[in-house]
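Each chain, letter by letter, is given below.
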Amino acid sequence: MPSKYEPCGLGQMIAMAYGTIPIVRLTGGLADTVKPFDEKTLTGNGFGFESYTAESLNATIQKSVQIFRNPNQIAALRRVDG
């Protein structure tokens with residue numbers, strides 16, 4: 001969800017309810033609900049980028065592909081707390 005503005009961010013919450021790992025621009029409601037995955041601490045619930053550019057989106061997609069290929073990291077990202 002590379003939104004320029006997102007006051008609420010219901011789309012990513014619905015997507016996460018169905019098990020989708022979100023890739024979002026960290027703005028508004030998206031930044032409130034999607035915590036970027038940290039490979040060192042294995043925390044977070046998705047991927048985010050700050051700059052509203054195609055390059056930032058592409059870099060974040062490439063990072064998500066690398067995480068997906070690492071069994072330990074993708075397992076940590078998929079875990080459900082609570």
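Residues numbered from 1 in each chain as written. Predicted model: local features only at pLDDT ≥ 70, side-chain atom pairs only at ≥ 80, totals over all residues. Heavy atoms only, no water.

Caption draft 1: Here's a closer look at the side chain of Thr60. If you trace the backbone, Thr60 turns up in helix α3 (residues 54-68). A polar atom in the side chain of Thr60 sits 2.9 Å from the backbone oxygen of Ser56. Aside from chain neighbours lying at most four places away, what touches Thr60 is Ile23, Phe47, Gly48 and Phe49. (Helix = DSSP H or I, 4+ residues; strand = E, 2+ residues; numbered from the N terminus. Polar contact = N/O pair within 3.5 Å; in protein donor to acceptor, adjacent residues only side chain to side chain. Contact = heavy atoms within 4.5 Å.)

Caption draft 2: Focus on a nonpolar patch on the surface. A contiguous nonpolar surface patch, about 460 Å² in accessible area, is contributed by Leu10, Met13, Ile14 and Tyr18. Relative to the elements of secondary structure, Tyr18 occurs in the loop between α1 (10-17) and β1 (23-25). Using a relative accessible area of 71% as the deciding quantity, one classes Tyr18 as exposed. (Patch = residues over 30% accessible without salt bridge, like charges linked within 9 Å, V, L, I, M, F, W, Y side chains within 5 Å. Areas by Shrake-Rupley, 256 points an atom, 1.4 Å probe, with all protein chains shown as cover. Salt bridge = Lys/Arg side-chain N within 4 Å of Asp/Glu carboxyl O. Buried < 20%, exposed > 50% of the residue type's maximum accessible area, 1.4 Å probe, protein only.)

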